[in-house]
Each structure stands twice: as structure tokens, then as C-alpha cells.
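Inside the fold
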Amino acid sequence: MYNHRVQVFASDGSFIQQIGGFREPAGIAVVPDGRIFVADSGNKCIKIFDAHWRYLGKFGADLLKTPWYLAVDTASHRLFVSDFRNNAVHAFDLDGNSLFKIASDDPRERLFSGPRGLAVDQSGNLLVADCYTNSVLTFDSSPHLPPVYHWQSPLSSRPDRWQQRIRVAP
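Residues numbered from 1 in each chain as written. Predicted model: local features only at pLDDT ≥ 70, side-chain atom pairs only at ≥ 80, totals over all residues. Heavy atoms only, no water.

So, on to the pattern of salt bridges. Inspection of the entire model under this criterion finds four salt bridges. With its nearest N and O atoms 2.9 Å apart, the salt bridge here joins Arg35 to Asp33. Classification of Asp33 by relative accessible area gives exposed; the value is 52%. For Lys47, the salt bridge goes to Asp40, with nearest N and O atoms at 3.1 Å. You'll find Lys47 and Asp40 in the same group, each marked buried. Ionic contacts of the salt-bridge type, sharing partners, join the residues Asp33, Arg35 and Asp95 into one network. (Salt bridge = Lys/Arg side-chain N within 4 Å of Asp/Glu carboxyl O. Buried < 20%, exposed > 50% of the residue type's maximum accessible area, 1.4 Å probe, protein only.)

Laid out in C-alpha cells, this is it:
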């Protein structure tokens, strides 16, 4: 079912190379200095490569349960990781150091229920697509502070569920 690799193609579609050693690679992000981050979901970590796909290291194995998608905030030099089974979003600096985690205060009323897709908009807001609640949550972001819950757009039939407190933990 899975081929556990990343395949690299040129802009004209021609195959360049494949990189193995993954167990369910999911998200990929490239930062301005050319480094490439790959969420290796099955190995519960983020792997780092240089612009030529030489392995540089990994991080997050002690925090992540199922890293899925990645988003880079280039202004604040942060990498956001959706952690699907932990129902959380983690923030790391671009050297792989953990900065904070966004999760619910109350495990019975989770803020996320299967966070997947991530994006950072032009204003630095973090958008999180949540799989099982059919919603998009938005957090405003400052380069010096953890994101603050700003707005969300629940697409489910239970808008009352969204009145929750969140915890941003180091």
C-alpha cells in the first residue's frame, strides 16, 4: 500500500531521484535556505535534508505521535507540524527546537480532532484544517509570542462545541 519514499521530479516532470528510509512520509516543507523538512508519520519525527536531499538529521520523536502536514512561517522562522493522533499542532524553530504546542485544556473537549492541513497566510496567521470536525481554525501569530486563538469557521452542525479554552504550552 505504501512505498515509503519521496520521489523528486524536475519542473518539466522528469524523474530525478527517490529518497527512501521513511515510514509513511506525509508533509514536505522547504525553507528559504533550501533545507527540506519531511514529516515521517510512521517514524514519528521530522527529517531534515539539504537542498540536494542529503540527510541532515531528525527531530520531534520525543513529542510527536503522528506528524502529518507542515507549514513554515518564514517571518518568525517557525515550522508548524500537525500531530494527527495527539490532536495538537506543534511549533518548532527551524533548527528543530520545540517552541510550543497548541492543544485543548480539556481532553474531553478537544480543540482539534485530527488536525491535518496547515497553512500560514501573508499576515502570519496559522490556519489548521481539522479532519473530524470539518472545520478550519485560524490563529494569529507574532514572531515573539505563541499564536493566539483568533477565529474559526466551523462547518459542522455543532457550533456550541467551539466555545473552548485552549492551552499553548512550552
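With that settled, consider the packing of aromatic side chains. Two aromatic rings are characterised by how far apart their centres lie and by the angle between their planes. Overall, the coordinates contain nine aromatic pairs when judged by the stated rule. With a centroid separation of 6.1 Å and 75 degrees between ring planes, the pair formed by Phe37 and Phe59 is classed as edge-to-face. Highlighted residues: Phe37 in strand β4 (residues 36-40) and Phe59 in strand β6 (residues 55-59), separated in sequence by 22 residues. Here Phe37 matches Phe59 in class, with each residue buried. Each residue in the set Phe22, Phe49, Trp53 and Tyr55 is aromatic and connected to the rest through ring pairs, giving one cluster. (Phe/Tyr/Trp six-rings, centres within 6.5 Å; stacked < 30°, edge-to-face > 60°. Helix = DSSP H or I, 4+ residues; strand = E, 2+ residues; numbered from the N terminus.)

So, on to the nonpolar core. Ranked by internal contacts, the top residues of the largest apolar core, which has 14 residues, are Phe37, Ile46, Phe59, Leu70, Leu79 and Val81. When residues of this core are traced back to their parent elements, those giving at least two are β4, β5 (45-49), β7 (67-73) and β8 (78-83). Dropping the residues within four chain positions of it, Leu79 is found in contact with Ala29, Phe37, Ile46, Phe59, Leu70, Ala71, Val72, His90, Ala91, Phe92 and Leu94. Phe100, Leu111, Val128 and Phe139 belong to the second largest nonpolar core, which has 13 residues in total. (Core = buried A, V, L, I, M, F, W, Y, C linked by side-chain atoms within 4.5 Å. Contact = heavy atoms within 4.5 Å.)

Mapped onto the secondary structure, Asp93 falls in strand β9 (residues 88-93). Arg35 is the oppositely charged side chain nearest to the buried, salt-bridge-free Asp93, at an N-O distance of 7.5 Å. Reaching out from Asp93, the side chain makes a polar contact with the backbone nitrogen of Asp95 at a distance of 2.9 Å. Not counting the four nearest positions on each side in its chain, Asp93 is found in contact with His77 and Leu99. (Lys, Arg positive; Asp, Glu negative; His and termini not counted. Polar contact = N/O pair within 3.5 Å; in protein donor to acceptor, adjacent residues only side chain to side chain.)

Turning next to the pairing of strand β13 (residues 135-140). For strand β12 (residues 126-130) and β13, the ladder comprises five bridges, and the chain directions are antiparallel. Within β13, the residue paired with Ala129 across the bridge is Val136. Taken together, β12 and the strand that follows it, β13, pair antiparallel across an intervening segment of four residues, in which Asn134 is found at a positive phi of about 50 degrees. (Pairing = 2+ DSSP bridges.)

What follows covers a positive patch on the surface. Taken together, the side chains of Arg23, Lys44, Lys65 and Arg85 make up a positively charged region of the molecular surface. Relative to the assigned elements, Arg23 resides in the loop between β2 (15-19) and β3 (25-30). Taking the relative accessible area as the measure of exposure, Arg23 reaches 47% and is therefore partly exposed. (Patch = residues over 30% accessible without salt bridge, like charges linked within 9 Å, V, L, I, M, F, W, Y side chains within 5 Å. Areas by Shrake-Rupley, 256 points an atom, 1.4 Å probe, with all protein chains shown as cover. Charge placed at Lys NZ, Arg CZ, Asp CG, Glu CD.)

With that settled, the discussion passes to unusual backbone geometry. Positive phi outside glycine occurs at His4, with the angle close to 55 degrees. Relative to the assigned elements, His4 resides in the segment before β1 (6-9). Phi at His77 is positive, roughly 60 degrees, even though this residue is not glycine. By secondary structure assignment, the location of His77 is in the loop between β7 and β8.

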